[in-house]
Amino acid sequence: MEHRSKILDCTIRDGGLVNNWDFSIEFVQDLYNGLSAAGVEYMEIGYKNSAKLLKASEPNPWRFLDDNFLKEIIPEKKFTKLSALVDIGRVDPNDILPREQSVLDMIRVACYIREVDKGLELVQMFHDLGYETSLNIMALSSVPEHQLIEAFEMVKESPVDVVYIVDSFGSLDPQDIEHQVKKFKAMIPNKQLGIHTHNNMQLAFANTLTAKRNGVTFLDSSVYGMGRAAGNCNTELLVSYIQKPSYEIKPVLGVIEKHMLEMRQKWEWGYIIPYMISGVLNEHPRVAMAYRDSADRDKFVDFYDKVTSPEVALAPASK
């Protein structure tokens with residue numbers, strides 16, 4: 001069973017939520033070469049969303065991937081395949097080339113449960129263009145059962161290759177993950193599964209291993225854990241833990257040493273108390289992220305009181 005799993009590194013895509021995608025071309029190239037040397041199967045090089053649809057004032061290359069730009073920075077594909085993520089309503093179908101003309105191999109579609117039908121329309125389109133596809137259903141920890149059942153009926157019939165269990169708020173523990181995986185397997189036995197974890201409660205690695213042990217094949221991670229707020233499961237942990245002869249830890253350590261220690265001085269991510277609190281409360285980390293950007297960033301008791309006071313708790317969750 002060991003060799004069926006694949007690591008998908010999303011340092012650029014999820015880490016971009018930390019530094020507003022302020023990555024140098026040199027870093028992205030070094031990361032790609034490092035991951036290839038490390039035997040990591042996929043690297044998510046950013047979002048394939050449309051700058052027009054998001055009314056972006058400054059088009060960012062990793063947030064709005066352009067195929068011509070990608071060919072310049074990755075002139076020669078190595079071992080690692082490339083993926084991009086798109087959001088419902090933020091992608092222009094005219095921006096997507098057929099796979100044989102693109103550097104990308106896989107396109108992943110992120111959506112909330114209520115938009116699964118729209119997500120699957122995009123999946124169908126990318127599938128028809130030749131890409132590997134995934135559907136990443138976000139904020140699973142707060143989805144009512146009947147909604148899941150309806151959504152999975154559609155998913156089962158679609159050509160999607162991989163369906164992701166996404167612990168958006170870092171609020172699930174290994175028992176929850178096992179429960180979700182079993183549920184997904186029962187409802188969509190014909191699909192491969194993926195896992196995307198966040199480290200709010202220091203469970204990202206444990207949750208990823210639990211998913212893997214229960215037959216999940218696609219494991220999302222990021223180098224040095226760099227991802228939104230509490231960050232993700234660490235690529236270096238998976239590469240060193242999973243017994244696969246093709247995995248090699250040193251190239252990943254090289255990337256951390258050369259680039260990421262400095263990045264960590266400049267930008268903050270990882271296990272930090274307000275993110276822990278949002279994970280424990282099963283809340284979106286946006287409130288905690290705003291707090292970390294304020295002068296009160298280290299007033300943990302105050303933050304806890306703020307997010308557990310009734311008027312906050314009763315406010316409708318904005319999406």
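Since the model is a prediction, treat every value here as computed from it, not as a measurement.

Conventions used here
- Residues numbered from 1 in each chain as written.
- Predicted model: local features only at pLDDT ≥ 70, side-chain atom pairs only at ≥ 80, totals over all residues.
- Heavy atoms only, no water.
- Helix = DSSP H or I, 4+ residues; strand = E, 2+ residues; numbered from the N terminus.
- Rg over C-alpha atoms; globule rule 2.2 N^0.38 Å.
- Buried < 20%, exposed > 50% of the residue type's maximum accessible area, 1.4 Å probe, protein only.
- Contact = heavy atoms within 4.5 Å.
- Areas by Shrake-Rupley, 256 points an atom, 1.4 Å probe, with all protein chains shown as cover.
- Lys, Arg positive; Asp, Glu negative; His and termini not counted.
- Charge placed at Lys NZ, Arg CZ, Asp CG, Glu CD.
- Pairing = 2+ DSSP bridges.
- Right-handed = clockwise from strand over helix to strand, strands pointing away.
- Expected span 1.5 Å × (residues − 1).
- Axes fitted to C-alpha atoms, helices over the stretch in contact; angles between N-to-C directions.
- Salt bridge = Lys/Arg side-chain N within 4 Å of Asp/Glu carboxyl O.
- Core = buried A, V, L, I, M, F, W, Y, C linked by side-chain atoms within 4.5 Å.
- Phe/Tyr/Trp six-rings, centres within 6.5 Å; stacked < 30°, edge-to-face > 60°.
- Lys NZ or Arg CZ within 6 Å of the ring centre and 35° of its normal.

J.: Could you clarify how one ought to interpret the overall build of the protein in this entry?
T.: Scanning the protein for helices and strands turns up 13 helices and eight strands. Relative to a compact globule of 319 residues, whose C-alpha radius of gyration would be 20 Å, the protein shows 19 Å and is just as compact. Its C-alpha atoms give the protein principal-axis dimensions of roughly 55 × 45 × 45 Å. A burial count over the protein gives 55% of its 319 residues as buried. Long-range pairs, those at least 24 residues apart, make up 75% of the contacts in the protein with a sequence separation of at least 6. Surface summary for the protein: the accessible area is close to 14,200 Å², and the carbon and sulfur share equals 52%. Charge centroids of the protein, computed over 35 positive and 45 negative side chains, lie 2 Å from each other.

J.: Looking at this model, I keep getting lost on the pairing of strand S4 (residues 106-111). Mind explaining?
T.: Two faces make up the sheet, and in a regular strand the side chains alternate between them. Taken across its six residues, S4 has six buried, putting it largely inside the fold. Both faces of S4 are covered, namely the face carrying Met106, Arg108 and Ala110 and the face carrying Ile107, Val109 and Cys111. Taken together, the five bridges between strand S3 (residues 81-87) and S4 define a ladder with parallel strand orientation. Bridge assignment links Ala84 to a residue of S4, and that residue is Ile107. The pairing of S4 with strand S5 (residues 132-137) spans six bridges and is parallel. Residue pairing for S5: Cys111 is matched across the bridge by Ile137. Taking the sense of rotation as the criterion, the β-α-β connection linking S4, helix H4 (residues 116-128) and S5 turns out right-handed.

J.: It is not clear to me how H4 should be interpreted in this structure. Could you clarify?
T.: What sets the pattern is the α-helix's 3.6 residues per turn: residues three or four places apart point alike. The end-to-end C-alpha separation of H4 is 18 Å, in line with the 18 Å expected for 13 residues at 1.5 Å each. Elements that come into contact with the buried residues of H4 comprise S3, S4, S5 and helix H5 (145-157). Positive phi shows up at Gly130, right after H4, with a value of about 105°.

J.: I tried to follow the sheet that holds strand S6 (residues 162-166) on my own but got confused; where do I start?
T.: In any sheet, the strands associate via hydrogen bonds between backbone groups, in a parallel or an antiparallel arrangement. Ordered in space as S1-S2-S3-S4-S5-S6-S7-S8, the eight strands form a closed barrel in which the pairing is parallel. Neighbouring strand axes in the sheet, compared pairwise and without regard to direction, differ in orientation by 25° on average. Contacts between H4 and the sheet are confined to S3, S4 and S5, with S5 contributing the most and set at about 165° to the helix. Running over the sheet, helix H6 (residues 174-187) touches S6 and strand S7 (192-196) and is turned about 155° from S6.

J.: Is there a simple way to think about the pattern of salt bridges in this case?
T.: It is possible for side chains bearing opposite charge to pair when their charged atoms get close. Inspection of the entire model under this criterion finds 20 salt bridges. Between Glu268 and Arg292 there is a salt bridge, with the nearest N and O atoms lying 2.9 Å from each other. Of the two residues, Glu268 is situated in the loop between helix H9 (250-266) and helix H10 (273-280) and Arg292 in helix H11 (residues 286-292); the sequence distance between them amounts to 24 residues. Using a relative accessible area of 26% as the deciding quantity, one classes Glu268 as partly exposed.

J.: Sorry if this is basic, but what is going on with the pairing of S5 here?
T.: With six of its six residues buried, S5 lies for the most part within the structure. In the sheet, S5 pairs with S6 via four bridges, with the strands oriented parallel. Residue pairing for S6: Leu135 is matched across the bridge by Val163. The parallel pair S5 and S6 is bridged by H5, and the resulting crossover is right-handed.

J.: Even after reading the chapter, I still don't get helix H2 (residues 25-38), so can you show me in this structure?
T.: Between its first and last C-alpha atoms H2 spans 20 Å; for 14 residues at 1.5 Å apiece the expected length is 20 Å, and the two agree. Taken as a whole, H2 has its buried residues at Phe27, Val28, Leu31, Tyr32, Gly34, Leu35, Ser36 and Ala38. Residue Gly39 follows H2 closely and has a positive phi angle near 85°.

J.: For this particular structure, what's the right way to read the nonpolar core?
T.: Soluble, globular proteins show a tendency: their nonpolar side chains are buried together. With 79 residues, the main nonpolar core has Ile45, Trp62 and Leu135 as its most contacted residues. Ranked by residue count, the leading element in this core is H2, at six residues. Not counting residues within four places of it along the chain, the set of residues in contact with Leu135 comprises Val109, Cys111, Val116, Gly119, Leu120, Val123, Val155, Val160, Val162, Val163 and Tyr164. With nine residues, the next largest nonpolar core counts Ala230, Ile277, Tyr291 and Val307 among its residues.

J.: What's the story with the packing of aromatic side chains in this structure? I'm lost.
T.: To describe a pair of aromatic rings, you give the distance between the ring centres and the angle between the ring planes. Under the criterion given, the structure shown has eight aromatic pairs. Relative to Tyr47, the ring of Trp21 lies with its centre 5.7 Å away and its plane at 80°, an arrangement referred to as edge-to-face. Of this pair, Trp21 sits in the loop between helix H1 (11-19) and H2 while Tyr47 sits in strand S2 (residues 42-47), and the two are 26 residues apart along the sequence. Residue Trp21 is classed as buried on the basis of its relative accessible area, which comes to 7%. Ring geometry for Tyr42 against Phe218: centres 5.3 Å apart, planes inclined by 50°, an arrangement best described as tilted. One end of the pair, Tyr42, is in strand S2; the other, Phe218, is in strand S8 (residues 218-221), and 176 residues separate them in sequence. Each of the two residues, Tyr42 as well as Phe218, counts as buried. Over the ring of Tyr164 we find Arg108; its NZ or CZ atom is 4.7 Å from the centre of that ring. Positioned above the aromatic ring of Trp269 is the side chain of Arg264, whose terminal nitrogen or guanidinium carbon lies 5.1 Å from the ring centre.

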